[in-house]
Amino acid sequence: MSILVNKDSKVIVQGFTGKEGTFHSEQCLTYGTNIVGGVTPGKGGQVHLDRPVFNTVKEAVKETGANVSLIFVPSAFAADAIMEAASSGIEVIVCITEGIPTREVMIAKKYVQKHQATLIGPNCPGIITAEETKVGIMPGFIFKKGPVGLISKSGTLTYEMANQVVKSGLGISTAVGIGGDQIIGTTFIDLLKLFENDQETKAVVLIGEIGGDLEIQAAEYIADNFSKPVVAFIAGQTAPKGKRMGHAGAIIAGSSGTASEKMAALSRAGVKVVSSPAIVGETVLQLLEN
Amino acid sequence: MNIHEYQAKKILAQNGVKILDGVMAESLNGALKATEVLGGKSWVVKAQVHAGGRGKAGGIKLVNSVEELKEAVKNMLGMKLITHQTGPEGKEVKKVYIEKTVVIKQEFYLGIVLDRNLEMPVIIASTEGGIEIEKVAAESPEKIIKVAVDPLIGFQAHQARELAFGLGLNYEYIKDFIKFTGALYKTYSQNDASLVEINPLVLTTDGSFVALDAKMGFDDNALYRHNDILALRDLEEEEPAELEASRYGLNYVKLEGNVGCMVNGAGLAMSTMDIIKHEGGEPANFLDVGGVASAETVAKGFGLILKDPNVKAIFVNIFGGIVRCDRIANGIIEATRTTKVVIPVIVRLDGTNAEEAKSILNKIKIENIITAEDLGDGARKAVAAARGELS
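Quick caveat, the model's predicted, so the values are computed rather than measured.

*Asks:* Is there a simple way to explain the side chain of Lys-95 of chain B in this structure?
*Replies:* Residues and elements named next belong to chain B. Within the fold, Lys-95 resides in the loop between β5 (91-92) and β6 (96-100). Judged by relative accessible area, which is 14%, Lys-95 ranks as buried. At 3.1 Å, the side chain of Lys-95 forms a polar contact with the side chain of Asp-234. Among residues more than four places away in sequence, those in contact with Lys-95 are His-4, Tyr-6, Met-24, Ala-25, Glu-26, Lys-46, Ala-47, Gln-48, Leu-77 and Asp-234.

Laid out in structure tokens, this is it:
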């Protein structure tokens, strides 16, 4: 078991024949991802990486039975690509593209919800179910199979934390990079619900950052509904107010969205909150051993 | 991206939002000409900087004669305006806006901003105009009225009425208020704004609504399709080092400490600052060289960090995913040669080809390059090096 994607997921890549799409599709194929085809408008009928190319997602779904899509379409067209996937029956849409206008993400997300699909991202590293399938851009070799679920707003920090978890002797069930933009398709709570029901996952690492209050909502959810141990780290404890720290959503506005506020809320919810990002791996191990 | 008040007002006026006549000036002569264009006997002189709280800091002056105007403009141009939003170093005033005056009956607050929880724009209104809205929200939240606008449906008249009646407006003013709010929302949505704030919005004695001040910010991701707005960018309002970084595709924020940081990825960059603090040091900066760091970006990063004279040690923390660590190691060696880095550089490379990278660095034996095993080890060494306790 795992969440969202597994070895049986049939993946198509939107923006398949582009530079990014090609490079990362190759990486995914090497990891073992079942990529059944790709979509590039105007290149339908061609074969790329030994896989068929389609003009539309609808056609790709009809011909291949795909249920997951990985999007590398440039930012000006990415919201449209998300909506095309949602209206074509794709269940899990992973959008790697960064820099999509906020207004378009806002609209695309509502559209995805209407079609009862799941959108991960945008501007995220994607999803990986260790040793089964990689629907994203993370370095696959770090992720060894194990009992720890990982949810993170940040890309390289996800790799850092997964690496720590693996080095501690444990491993990852599924890791999901949800992105650090102001509006993201799937939040901590949505994924915690899935991890709660996933028998393979025995503990969860939650990596948040300054800005917004998704971590506080997650804390409220965990307090009442989540039975598995959670270790959390919030990046940006030393970030100054009013300065955007890279991610569009990583900004402390007024007095809200601070790391200390989020850390306190998670602690109150029974989460083991660490203030050093270097001890996440060992902390999960301790929790699972007890 | 943020713009000046005079620029925001021009955009608002084009969209049907009522403003007062005004002219921007960069010199005393310009300001005097502005009074001739505008006519009248009294004006308001307003400092044009990207920061709120100008009034309290002496950045807004009512003048009742040309003599008073001269005095005010002379004082204002070139002054360092220090408000709660500029930081202690303040912002130099290079432009003033000369505006006509109006007789005010009542002041309000009206703003539009993205609500991240609702994932919709919200229009915020309050009878407490002219003061900081954050303060009103904290002290008397009942005085704040909010309506959320579904972007698929757009702003509706009943929502404007909800705001108007909430503000206690007399029925006779409602029509004009609906028009004003509608024009404001149109300006917000059509320009991909991230913020439109009218504080204060005033009801004049002749019964019309006028934007007395205006603040606008825009979604950087959407600027590619708004060349007219991109043209309004005032580079002098931006931090020189941050601006330089953005030209190289780097993301840099200067801080107060002495441990320089160079990291790939925003989350890891923030965490690196955090762990430096955790180990008893102070980070000198936030620097994200991007998920795909290269030898070139590393060299540019060194250049930026070394411009800060406070920096006593540099912590390079790269988790190689797609990017290979051996390439980064070669980039670091190259960069330290070309940019003459004399302070200790603590290098932690993990992920793809980390072992190869380590052997490259160990083989070359550059005196001030110190390798670290992991995040914790790197941070401890960097903090010690900045204190001069590690050679």
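*Asks:* Can you help me understand the environment of Leu-81 of chain B in this one?
*Replies:* Position of Leu-81 of chain B among the secondary structure elements: in strand β4 (residues 80-81). When its relative accessible area of 0% is taken as the criterion, Leu-81 of chain B is described as buried.

*Asks:* In this structure, what is going on with the domain arrangement of chain B? I would like to understand it.
*Replies:* Accessible area lost upon the coming together of the parts serves often as the stated size of an interface. All names here are of chain B. Per the domain assignment, the segments of chain B are domain 1 (1-19 + 103-238), domain 2 (21-101) and domain 3 (241-386). Taking only C-alpha atoms into account, the centre of domain 1 sits 23 Å from that of domain 2. Regarding the contact of domain 1 and domain 2, the summed buried area is about 1400 Å², with carbon and sulfur atoms giving 40% of it. For the domain 1 face of the interface with domain 2, the top three residues by lost area are Glu-5, Tyr-6 and Glu-237, together amounting to 41%. On the surface where domain 1 and domain 2 come into contact, there are 7 salt bridges.

*Asks:* Just checking my understanding: could you explain unusual backbone geometry for this structure?
*Replies:* Glycine aside, the phi torsion of most residues is negative, and most peptide linkages are trans. Along the chain, Gly-121 of chain A connects to Pro-122 of chain A via a cis peptide bond; the corresponding omega equals 10°. Inspection of the secondary structure assignment puts Pro-122 of chain A in the loop between β7 (118-120) and β8 (126-129). For the bond running from Asn-199 of chain B to Pro-200 of chain B, omega is 10°, close enough to zero to count as cis. Inspection of the secondary structure assignment puts Pro-200 of chain B in strand β10 (residues 193-204). If you check the backbone angles, Asp-192 of chain B has positive phi at about 50° while not being a glycine. With respect to the helices and strands, the residue Asp-192 of chain B is situated in the loop between α6 (171-190) and β10. Look at Asn-353 of chain B: it is not a glycine, yet its phi comes out positive at around 60°.

*Asks:* Would you take a moment to explain the sheet that holds strand β10 (residues 145-152) of chain A for this structure?
*Replies:* Within a sheet, adjacent strands bond to each other through the backbone by hydrogen bonds, running parallel or antiparallel. All names here are of chain A. Strand order in the open sheet formed by 7 strands is β9-β8-β11-β10-β12-β13-β14, with mixed pairing between adjacent strands. Strands with a single pairing partner mark the edges of an open sheet, and in this sheet they are β9 (133-136) and β14 (272-273). Direction of pairing for β8 relative to strand β11 (residues 172-177): antiparallel, over a ladder of 4 bridges. Looking at β11, one finds that Ile-127 is bridged to Val-176.

*Asks:* Help me understand the sheet that holds strand β3 (residues 60-63) of chain B, please; the structure alone is not making it clear to me.
*Replies:* All names here are of chain B. Taken in spatial order, the 4 strands line up as β1-β6-β2-β3 in an open sheet, and their pairing is antiparallel. Of all strands in the sheet, those with a lone pairing partner are β1 (22-25) and β3, marking the two edges. Neighbouring strand axes in the sheet, compared pairwise and without regard to direction, differ in orientation by 20° on average. Relative to β6, β1 runs antiparallel, the two sharing 4 bridges. Within β6, the position partnered with Ala-25 by the bridge is Val-96. The sheet contacts of helix α1 (residues 5-14) involve β1, β2 (43-47) and β6, and relative to β6 the element is tilted by about 50°.

Cut-off values and rules
- Residues numbered from 1 in each chain as written.
- Chains lettered and ligands numbered in written order.
- Predicted model: local features only at pLDDT ≥ 70, side-chain atom pairs only at ≥ 80, totals over all residues.
- Heavy atoms only, no water.
- Helix = DSSP H or I, 4+ residues; strand = E, 2+ residues; numbered from the N terminus.
- Buried < 20%, exposed > 50% of the residue type's maximum accessible area, 1.4 Å probe, protein only.
- Polar contact = N/O pair within 3.5 Å; in protein donor to acceptor, adjacent residues only side chain to side chain.
- Contact = heavy atoms within 4.5 Å.
- Domains from an automatic or database assignment.
- Buried area = accessible area lost by both parts, 1.4 Å probe.
- Salt bridge = Lys/Arg side-chain N within 4 Å of Asp/Glu carboxyl O.
- Pairing = 2+ DSSP bridges.
- Axes fitted to C-alpha atoms, helices over the stretch in contact; angles between N-to-C directions.

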